[in-house]
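An overview of the molecular structure
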Amino acid sequence: MRTVGVVLAGGVGARLGLKVPKQMVKIAGKTILEHTVSALDASPEIDELVVMITPGWSEHVATLLGNRYGKLTRILEGGATRNETTRRVLDALGEDECKVVLHDAVRPLLDERVIKDCVDALDSYGAVDVVIPSADTIVEVDAHDVISSIPDRNRLRRGQTPQAFKLSVLRSAYAKALDDPYFAATDDCGVVLKYLPEVPIKTVAGAEHNIKVTHPVDLFIADKLFQLASQGPSHLTAAERSELLRDRTIVILGGSYGIGAEIARIAEAAGANVVAHGRSTTGLHVEDYESIASAFAQTKAEHGKIDAVVLTAGVLRIGRLAETTEEQIAETIGVNYLAPVHVAKAAYPYLAETSGHLLYFTSSSYTRGRENYALYSSTKAAVVNLTQALSEEWAGVGIKVNVVNPERTATPMRTQAFGEEAPGSLLSAEAVAESSLDVLVSDATGLVIDVRREQAQDRGEAIASALDETEAELSENTTA
């Protein structure tokens, strides 16, 4: 039995106070709609994909989504209400039995596990709802806002999406609803429950991070969840990496030692044309725009193109801002932030020609300003924002912009700041370099790519791991 995924994208964003539908807002480098469509299109459980869009936006969405999603077959206008939109879905799907997975477009953090559980449950049930336990006590009030009952929280669940159905079950429920002059429902499982009470509705476990973007704060939360739980490109084998890197021209700024030097070594071994610059090797100062522009022009003259630019240079100084000299302030801001800006501006014309890739580096300290790390933390946060902004600005010409966020890594810069640390407690520069090159040969853009010794297996674990890392560095900073 085929499975059709349906993205319900008919919202208008009224509660967000927007002039565009909320699913058109960008977070983590893409519109919310693109994130959601990508999740369903990538699922092996989904055979066909249909998008139901706000009336008047179908042409815009067709241009936005283009032909990037192989399973997307139709973009249709929804109705004035959720129920009317579902009726249009039923009309579009015809009479042949199939599994239907209905998902809110504004829940972009959808896991493959949830999709699979829904589709599998339809082998035994006619309707499926995704739910999570209620962490809060729910109270029922009367017309005067006086509590009338407090249900047992252990038996309460909060509904999410997807909701999944056998097409015949959903069609039958809506057929009966048409005979009810008072019909109104906020979700499709509610329609089945009311008009086909004999049909059991199976529940499957959802995920706390599968939030619905409804209020302004939700935009912030969703963006941070994408940052903390970025599922970057898959780890490639050496052979796969060599196949993709061969004959590419990569410019590395900060390539004298550490991560930059490892990227250069591995890329050269894979057959790439590597041009590495560093203050101690070629004398290039990354905060000097004219020097950067000259280096790029020379590379283009020698190799005919630039496919990727990697900036690994950074300055890490620990200490209180009040005790930092003006020269140290200028150097830190110059290398950690002005350099990324200058590199981006100088690289643009070359990367636009090749639909190339710009790769930056940040630190877990970007998520929160740290004591004794004021300049370092704030400049690394600025690089993350720069990455996300440029990924949107340059999407039209095909330039990908990402930023790698490695776990504490064994580099000369770190040793100079912290001294020798316990063997095995740090990530190797080689591992970070390999992950960085995997990003460079991908189509990812606008992401913060976390690199850790033990990669988390799902988004929920990734978020917990990121929080643990933050706590560990806070403790380290306190002792430092």
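Refer to the structure printed above.
In this text the structure is predicted, and so the values were computed from the model without any measurement.

So, about the sheet that holds strand β11 (residues 201-205). Within the open sheet, the seven strands sit side by side as β5-β4-β1-β6-β10-β7-β11. Their pairing is mixed. Edge positions in the sheet fall to β5 (72-77) and β11, since each of these pairs with one other strand and no more. Pairs of neighbouring strands in the sheet enclose a mean axial angle of 25°, with direction left out of account. By the bridge criterion, six bridges tie strand β1 (residues 3-9) to strand β4 (residues 48-53) in an arrangement that is parallel. Within β4, the position partnered with G5 by the bridge is L49.

In terms of nonpolar packing, the biggest core is built from 32 residues, with L253, F296, V309, V343, L358, Y360 and L390 touching the most fellow members. The greatest single-element share of this core, amounting to eight residues, is contributed by helix α11 (residues 326-354). In terms of nonpolar packing, the next biggest core, distinct from the first, is built from 29 residues, L245, V432, L437 and V451 among them.

Our next topic: the packing of aromatic side chains. Following the criterion strictly, the structure yields five aromatic pairs and no others. When the ring of Y174 is compared with that of F183, the centres are 6.0 Å apart and the planes differ by 80°; the resulting orientation is edge-to-face. The class for Y174 is buried, based on a relative accessible area of 3%. Pairing Y373 with Y376 gives two aromatic rings, centres 6.2 Å apart and planes at 65°, and the pair type is edge-to-face. There is no split in this pair, since Y373 and Y376 are both buried. Through a chain of ring-to-ring contacts, the aromatic side chains of Y174, F183 and Y195 assemble into a single cluster. We note K345 situated over the ring of Y289; from NZ or CZ to the ring centre the distance is 5.7 Å.

This part is about the sheet that holds strand β14 (residues 308-311). Sheet architecture is open: six strands sit in the order β13-β12-β14-β15-β16-β19, paired in parallel fashion. Every other strand in the sheet has two partners, leaving β13 (273-277) and β19 (448-451) as the edge strands with one partner each. Pairs of neighbouring strands in the sheet enclose a mean axial angle of 20°, with direction left out of account. In terms of strand pairing, β14 meets strand β15 (residues 357-361) through three bridges, oriented parallel. Within β15, the residue paired with A308 across the bridge is H357. Here helix α10 (residues 289-303) sits on the sheet in contact with β12 (249-253), β13 and β14, set at roughly 155° to β12.

What follows concerns the pairing of β1. A regular strand places its side chains on the two faces of the sheet in alternate fashion. Across the seven residues that make up β1, a large majority, seven, are buried. Side chains T3, G5, V7 and A9 of β1 all project onto a buried face; the interleaved residues V4, V6 and L8 project onto the opposite face, where all are buried too. As paired elements, β1 and strand β6 (residues 99-104) share six bridges and run parallel to each other. Within β6, the residue paired with T3 across the bridge is K99.

Close approach of charged atoms lets side chains of opposite charge pair. Under the criterion given, the structure shown has 24 salt bridges. Put simply, R158 and E208 hold a salt bridge, and the shortest N to O gap is 3.3 Å. With R158 in strand β10 (residues 157-166) and E208 in the loop between β11 and α7 (216-228), this pair connects stretches of sequence that are 50 residues apart. R279 is the partner of E331 in a salt bridge, and the nearest nitrogen-oxygen pair spans 4.0 Å. Here E331 is found in helix α11, whereas its partner R279 is found in the loop between β13 and α10, with 52 residues between them in sequence. E331 gets classed as partly exposed once you look at its relative accessible area, which sits at 26%. The exposure class of R279 is partly exposed, given its relative accessible area of 42%.

So, how was this worked out
Note on numbering: residues in each chain are counted from 1, in written sequence order. Given that the model is predicted, a residue must reach a pLDDT of at least 70 before its local features are reported, and side-chain atom pairs must reach 80 or more before they are shown or counted; all residues, however, enter totals for whole chains, interfaces and linings. Heavy atoms throughout the structure, all of them, feed into the side-chain values; hydrogens and water do not. A strand pair is defined by DSSP finding two or more bridges across the two strands. Only DSSP runs of H or I with at least four residues qualify as helices, and only runs of E with at least two residues qualify as strands; both kinds are numbered from the N terminus onward. A fitted line through C-alpha atoms represents every axis, and for helices the fit uses only the stretch in contact; the resulting angles, taken between N-to-C directions, go from 0 to 180 degrees. Think of a nonpolar core as a cluster: buried Ala, Val, Leu, Ile, Met, Phe, Trp, Tyr and Cys residues, connected wherever their side-chain atoms sit within 4.5 Å. Think of it in three bands: with a 1.4 Å probe and only protein chains considered, a residue is buried below 20% of the maximum accessible area for its type, exposed above 50%, and partly exposed in between. Ring geometry is summarised as follows: Phe, Tyr and Trp rings, the Trp one being its six-membered ring, pair when their centres sit within 6.5 Å, and such pairs are stacked at plane angles under 30 degrees, edge-to-face over 60 and tilted between the two. Only Lys NZ and Arg CZ are tested; either one counts as a charge over a ring when it is within 6 Å of the ring centre and within 35 degrees of the ring normal. Contacts are residue-level and defined by heavy atoms, with any inter-residue pair within 4.5 Å sufficient. Salt bridge, as used here, is a side-chain nitrogen of Lys or Arg placed within 4 Å of a carboxyl oxygen of Asp or Glu.

From the geometry alone we can't say anything about function, so treat these as descriptive.
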